[in-house]
Structures are given as C-alpha cells and as structure tokens.
Amino acid sequence: MTAADMIRGTTDMQIHELAPSGGPSLALHGGAGGRVEELALDGRAAYEDGLAAAYAAGWAVLESGGSALDAVCASVEVLEDDPLFNSGRGAALTSTGNVELDASVMTGSGSAGAVAASRYARNPVRLARCVMEQTGHVLIVDPAVDLVAGFGLEVVEPEYFVTDARRQQLERVQAARAAASRHGTVGAVARDAAGSVAAATSTGGMVNQSDGRVGDTPIVGAGVYARDGVVAISCTGHGESFIEGVVAHDVFARIRYAGAELADAIAAAFAAEIDSRGSTGGLIAVGGDGRIVVGHNSPAMFSAHGTSCVPEVHS
Ligand code: ASP
C-alpha cells in the first residue's frame, strides 16, 4: 500500500456519506453481522422500525437543543430495550448461556466511561455514563449489583436479558460447531447544535463467546472514540480485529494527523486494519463539521442516519 493509499483507502467497503446541514447530525447502527440469520428470525421491517424509534429518541434530544451525549444515550437505550438487537435485552449468549454486556460512551471533550461483562443494569449504556460521570474510572468489569443500584439505575436479574430467540441461536451455533462468528451490536454518534460530538456503543458480544471474553465495544479507541472538531465513531464487527487495529482511533488519527477526509480515513483504516485481518464489520461516524459517514465491509449493516427528523434507514 502506498502512502497515498493509506490516506485514500483501497478497500471495497460500502460507504454512505451525508453532507453536513449546519444543524445537528445523528447516526445509529444496529450491527453488521448475522444479517441473513437475523432477518430470517423476525423480518427486516421490525429491525427498521426499531432503528427508526431509536433515531426518533435521539433526534428529539438534539432538536430541543440537548447534548450529543444525551442524544446518543437516548438512542442506544431504545435499542438496548429492543430484543431484536444484540445489546441489553435480547443480547447474544456466551457458550454457557450467560449474558455479559459491554457498553461505552465518550464525549468530544475527551471523557469516557465503559463497562464490560455487565449483568444487572437494565441499560448498560447508562451504567457506562455513570462510570464516566461519577467515578474516577474509565472501565469497570463485572460491575456489582450494589454499584448499579447505588447510581440509582434500574436493576434487573440477568435472566431479563435472555430471549428464546437467542437461546435457539446459541443451540444452532453450538450444534454446527461454528466459531463465535455471529455478531451485531448497537451504537450511536451525534453532533449537537453547539458543535460537540459524542459516541456510544453497546453489545452482548459474539454468540458462543467464552465467558469473560471482552470485545472492542468498551475499549476506548477500538470500538468507540470521540473528539470535538474531528470525529465521533462507533464500531461493530469482529471485536478482536478492532482491538488489534485500534480502529476507531486509527480513523481519528488519519484525520487529525494526516489530514484525511472522513470517508477516506474510514476506507483506509478498514483496508489496513480489518480487511488485512480477513475480518468484517462496520462503523458510523460524524465529522467535526457534522457530516455523517456509514461504512461497512460486511455484506450489510443496519443503520439509520440523518440531519432532520426523517432518517435514511439501511438494512
Ligand atoms: N464488536 C462486538 C464484539 O466483538 C460484536 C459486534 O459488533 O457484533 O464484541
């Protein structure tokens, strides 16, 4: 790969770009993996309805002058509550049938919070935000039920997250002796009217993953990153590759230090760090100017994005 290719990108990924409007911007994803299987379970319309509802929740925040952080959290909470998506209720199960949830938030001012292997907070993204705002920490693993309750968050039993569809999916994957290859995560990025950006990502990880395995979602720089004036990013895909490639930060660095355009930075980061590992996935990004880029090298990615109350929805 030449230096020019490093900036421009050479990958065959699908990229959708939406120009900035001067007002707020919002983009969501609902995962880039397992689409065929997921659609066979419940049909495409239900996923699109879920994304539209999540978009509406985030847009309502932005439209009323709320912060990018409030918007991304509002959108991700709706997706966590929707059992179709692999986050919160309806998350993918580990090899022993447990739910271990990962989530993160980051603001463009450089603050981050995250949880890994979370089991008691109904909305892991809220817990991640509490970690950011109310502890001196960035990442808490296996957060205790007392910690969740202490933040005043809704506590649920781990069984709340487990759905029949995910049990059946785990049985199918284990019967086929397949690798833990089905993935799908949710995330949101936004730029608010004041020009600040934020990102949030939430997942159940990969179906049939080992208990204790943590992917890229709660790792700052891998599955989430934000910096005002540059970009906010939320990733989905094979987490190990996103960690090894530090993909969200790689996109940021190409823009910040090499002067790349957002779409070119994404294409180049995927070529260098995801394609090169034989991996798949996608990401959503909002630039410092409010432009939105949705990109994936997987066959499809659920997404909704826009600069008004009506989003473009892709599945
Ligand atoms: N990236 C997530 C993980 O590896 C899974 C996904 O995005 O589907 O845990």
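Residues numbered from 1 in each chain as written. Predicted model: local features only at pLDDT ≥ 70, side-chain atom pairs only at ≥ 80, totals over all residues. Heavy atoms only, no water.

**Side note on the overall build of the protein**
- The helix and strand inventory of the protein stands at 10 helices and 13 strands.
- A globule of 315 residues ought to have a C-alpha radius of gyration of about 20 Å, and the protein, at 18 Å, matches this closely.
- Here the C-alpha coordinates of the protein stretch approximately 45 × 40 × 35 Å along the principal axes.
- The buried share of the protein, taken over its 315 residues, is 57%.
- Here the analysis covers contacts within the protein between residues at least 6 apart in sequence; of these, 70% occur between residues at least 24 apart.
- When the accessible surface of the protein is totalled, it reaches about 11,400 Å², and 49% of it is carbon and sulfur. (Helix = DSSP H or I, 4+ residues; strand = E, 2+ residues; numbered from the N terminus. Rg over C-alpha atoms; globule rule 2.2 N^0.38 Å. Buried < 20%, exposed > 50% of the residue type's maximum accessible area, 1.4 Å probe, protein only. Contact = heavy atoms within 4.5 Å. Areas by Shrake-Rupley, 256 points an atom, 1.4 Å probe, with all protein chains shown as cover.)

**Observations concerning the sheet that holds strand E4 (residues 112-118)**
- If you trace the 8 strands from one edge of the open sheet to the other, you get E5-E4-E3-E7-E6-E2-E12-E13, paired in mixed fashion. A single partner strand is all that each edge strand has here, and the edge strands are strand E5 (139-141) and strand E13 (312-314). Direction aside, the axes of adjacent strands within the sheet are offset by 5 degrees on average.
- Sheet topology places strand E3 (residues 101-107) next to strand E7 (residues 197-203); 6 bridges connect them, and they run antiparallel. (Pairing = 2+ DSSP bridges. Axes fitted to C-alpha atoms, helices over the stretch in contact; angles between N-to-C directions.)

**Details of the packing of aromatic side chains**
- In total, this model carries 8 aromatic pairs according to the counting rule given.
- Centroid distance Tyr 55 to Trp 59: 6.0 Å. Interplanar angle 5 degrees. Geometry classified as stacked. Taken as a pair, Tyr 55 and Trp 59 lie in helix H3 (residues 44-63) at a separation of 4 residues, close to a single helical turn.
- The structure contains a cluster of three or more aromatic residues connected by ring pairs, namely Tyr 47, Phe 85 and Phe 302. (Phe/Tyr/Trp six-rings, centres within 6.5 Å; stacked < 30°, edge-to-face > 60°.)

**Observations concerning the side chain of Thr 185**
- With respect to the helices, strands and loops of the structure, Thr 185 is situated in the loop between helix H7 (164-175) and strand E6 (186-191).
- Side chain to side chain, Thr 185 and Thr 203 meet in a polar contact 2.6 Å long.
- Those residues in contact with Thr 185 that sit more than four places away from it in its chain are His 29, Gly 30, Gly 31, Asn 86, Thr 201, Ser 202, Thr 203, Thr 217, Cys 235 and Thr 236. (Polar contact = N/O pair within 3.5 Å; in protein donor to acceptor, adjacent residues only side chain to side chain.)

**Brief notes about the sheet that holds strand E8 (residues 224-227)**
- Overall, antiparallel pairing links the 5 strands, which are arranged E1-E11-E10-E9-E8 in an open sheet. On the outer flanks of this sheet lie strand E1 (14-18) and E8, each paired with one strand and no other. Going across the sheet, the axis of each strand differs from the next one's by a mean of 10 degrees, ignoring polarity.
- Sheet analysis places strand E9 (residues 231-237) next to strand E10 (residues 281-287), joined by 7 bridges and oriented antiparallel. Bridge assignment links Cys 235 to a residue of E10, and that residue is Leu 283.
- Sitting on the sheet, helix H9 (residues 247-258) is in contact with E8, E9 and E10, with an inclination near 145 degrees to E9.
- Sheet strands in contact with helix H10 (residues 262-274) are E1, E9, E10 and strand E11 (292-296), and its direction is about 155 degrees off that of E10.

**Quick word on the side chain of Thr 107**
- On the secondary structure map, Thr 107 appears in strand E3.
- If near-sequence neighbours (up to four positions away) are discounted, Thr 107 is found in contact with Leu 69, Met 132, Val 197, Ala 198 and Ala 226.

**Describing the pairing of strand E2 (residues 25-29)**
- In terms of burial, E2 is largely enclosed, as 5 of its 5 residues are buried.
- The alternating pattern of E2 places Ser 25, Ala 27 and His 29 and Leu 26 and Leu 28 on opposite faces, both of which are buried.
- Here E2 pairs with E6 via 5 bridges, running antiparallel. Residue pairing for E6: Leu 26 is matched across the bridge by Ala 190.
- Inspection of the sheet shows E2 paired to strand E12 (residues 303-306) by 4 bridges, in the antiparallel sense. Each residue of the ladder has a partner; that of Leu 28, found in E12, is Ala 304.

**What about unusual backbone geometry?**
- One non-glycine residue with positive phi stands out, namely Asp 142, at about 50 degrees.
- Here Asp 142 is to be found in the loop between E5 and helix H6 (145-150).
- Positioned with a positive phi, Val 246 is a non-glycine residue whose angle comes to about 40 degrees.

**Quick look at H10**
- Taking 1.5 Å per residue, 13 residues should reach 18 Å; H10 reaches 17 Å between its end C-alpha atoms and fits that length.
- By the criterion of burial, H10 is predominantly enclosed, with 11 of the 13 residues buried.
- Three or more residues of H10 are buried, namely Leu 262, Ala 263, Ala 265, Ile 266, Ala 267, Ala 268, Ala 269, Phe 270, Ala 271, Glu 273 and Ile 274. (Expected span 1.5 Å × (residues − 1).)

Geometric values such as these leave the question of function open.
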